[in-house]
Amino acid sequence: MNKILIVDTTWPINSRTEKFRISLCKNYNVFVSAWCRTDKIYINKHNHFVLSDDIGYGNKYKKLFSLPKFFQHTLSVYRNVKPDLIFASHWDSLVIATLIKLITKDNVRIVYDCLDMPTSNNSVIFKLLKSIEKLCIKQTELTIFASRYFPRLYPSSLNSIIFENYPSESLLKSDGKPVWYSQEFETKSEKLPVVSWIGVVRYPDVLYNLIDAIGELQAVFYIFGDGPSFVSIKQYVKTKSLQDKVLFFGRFEQKDLKYIYRISNYIWAAYPTVDSNAIYAISNKYFESSLFDRIPIFSENTKMVKELQNNSFSFISINESSVEDIRGTLQDAFNKKQHRLPFVKYETICFWENHEKRLLEEIHSTI
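Everything numeric in this text was worked out from a predicted model, so none of it was measured. (Residues numbered from 1 in each chain as written. Predicted model: local features only at pLDDT ≥ 70, side-chain atom pairs only at ≥ 80, totals over all residues. Heavy atoms only, no water.)

Novice: Would you explain the sheet that holds strand β2 (residues 29–36) in this entry?
Specialist: Each strand in a sheet pairs with another by means of backbone hydrogen bonds, the pair being arranged parallel or else antiparallel. Pairing is parallel across the open sheet formed by seven strands, whose spatial order is β3-β2-β1-β4-β5-β6-β7. Each edge of the sheet is formed by a strand with only one pairing partner; in this case those strands are β3 (48–52) and β7 (160–162). Averaged over all pairs of adjacent strands, the angle between strand axes in this sheet comes to 15°, irrespective of strand direction. Lying on the sheet, helix α1 (residues 15–24) is in contact with β1 (3–8), β2, β3, β4 (85–89), β5 (109–114) and β6 (142–145); it crosses β1 at an angle near 175°. (Pairing = 2+ DSSP bridges. Helix = DSSP H or I, 4+ residues; strand = E, 2+ residues; numbered from the N terminus. Axes fitted to C-alpha atoms, helices over the stretch in contact; angles between N-to-C directions. Contact = heavy atoms within 4.5 Å.)

What follows is the structure, given as structure tokens:
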């Protein structure tokens with residue numbers, strides 16, 4: 001059986017990469033090299049090799065200076081596993097995979113999952129990162145784009161497929177309720193509109209704007225997840241004395257999503273569009289909101305909104321950098337009781353498993 005090594009610079013590996021791992025395990029012997037940057041912990045999981053560090057998340061410079069350590073870790077795993085293919089999750093993992101291929105001079109295949117493009121607010125650094133990606137991508141046999149809008153930014157000659165963040169059928173299964181869940185939350189969502197953030201807690205400026213707006217509205221804000229901005233956001237809520245309107249639930253599992261969406265009316269999926277990723281990406285919230293009939297809130301300056309705006313689909317577009325626009329737009333939606341209206345789906349329901357055969361065929365042809 002062929003071997004595949006997945007390289008991911010986070011731990012736990014992101015939900016998209018985990019779905020890829022589960023799919024690939026059906027045909028291949030799959031190993032994982034990952035990087036836990038929050039605690040010095042021991043990871044004991046089959047075929048997982050995790051570098052445990054304590055540099056934290058959110059500091060790009062710390063990560064950059066520590067990247068050689070993760071490279072050495074992954075190179076050691078590579079030599080131990082001897083995979084036929086490296087699956088690089090994200091562009092920084094692609095750099096590591098490319099260096100391994102060049103240093104070892106092995107004929108290992110590389111598949112690049114372009115789930116986020118290189119980005120930086122500094123134009124010089126941005127050009128440098130894109131140049132590095134351009135060089136590394138020449139070493140790949142296949143590029144997987146996580147958004148239908150990404151390919152237009154890459155050479156048409158690139159061997160690629162579009163494989164977006166489709167939800168898994170497992171989200172609909174009836175597992176045990178999360179420990180935080182109670183009927184009280186469903187009752188509250190019947191009284192006050194609930195806006196929810198689901199995922200890595202980041203983009204603090206956008207979250208500050210949303211919290212300021214929620215503070216002046218008859219609504220509540222639920223934050224599911226943790227991440228580099230978790231502590232600062234929690235402190236901001238305390239400073240604003242909004243603990244009764246903004247609740248933190250911490251890290252969650254995929255099986256909890258059904259309950260998270262059940263108690264939510266609006267799903268916040270508006271990210272800072274100074275980042276080109278936010279403009280061109282399609283997040284898992286795009287698919288999950290349509291699946292669970294919950295109204296997503298997107299940044300107005302995105303390709304998604306520009307494609308949807310001339311139709312009567314159930315979604316809200318917003319200027320994420322303006323407290324006034326957030327407050328006014330949400331108030332208008334609450335006044336119209338938009339979340340009580342029949343939901344008009346903007347995306348045909350299609351599950352990850354529906355596309356899995358196509359994915360495995362592409363991987364097979366690559367190996």
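Novice: I keep staring at unusual backbone geometry and nothing clicks. Help me out?
Specialist: A cis geometry characterises the amide bond from Trp11 onward to Pro12, with omega recorded as -5°. Looking at where Pro12 falls in the secondary structure, it is placed in the loop between β1 and α1. Although it is not a glycine, Asn47 sits at a positive phi angle of roughly 65°. The topology assignment puts Asn47 in the loop between β2 and β3. Assessed through its relative accessible area of 15%, Asn47 is described here as buried. Of note, His90 is a non-glycine position whose phi angle comes to about 90°, a positive value. In this fold, His90 is placed in the loop between β4 and α3 (91–104). (Buried < 20%, exposed > 50% of the residue type's maximum accessible area, 1.4 Å probe, protein only.)

Novice: For this particular structure, what's the right way to read the packing of helix α6 (residues 204–214) against helix α7 (residues 230–239)?
Specialist: The axes of two packed helices give the description: the angle between them and the distance between them. Between α6 and α7, whose axes approach to 11 Å, the crossing angle comes to 25°. The angle between α6 and α7 places the two elements in the roughly parallel class. Remark: the crossing between α6 and α7 carries right-handed chirality. Seen from α6, the contacting residues are Pro204, Leu207, Tyr208, Ile211 and Asp212; seen from α7, they are Ser232, Ile233, Tyr236 and Val237. Looking at side-chain class alone, the contact of α6 with α7 contains seven nonpolar, one polar and one charged residues. (Parallel < 35°, antiparallel > 145°, perpendicular 65-115°, else oblique. Left-handed = near helix turned anticlockwise from the far one by under 90°. Nonpolar A, V, L, I, M, F, W, Y, C, P; charged D, E, K, R; others polar.)

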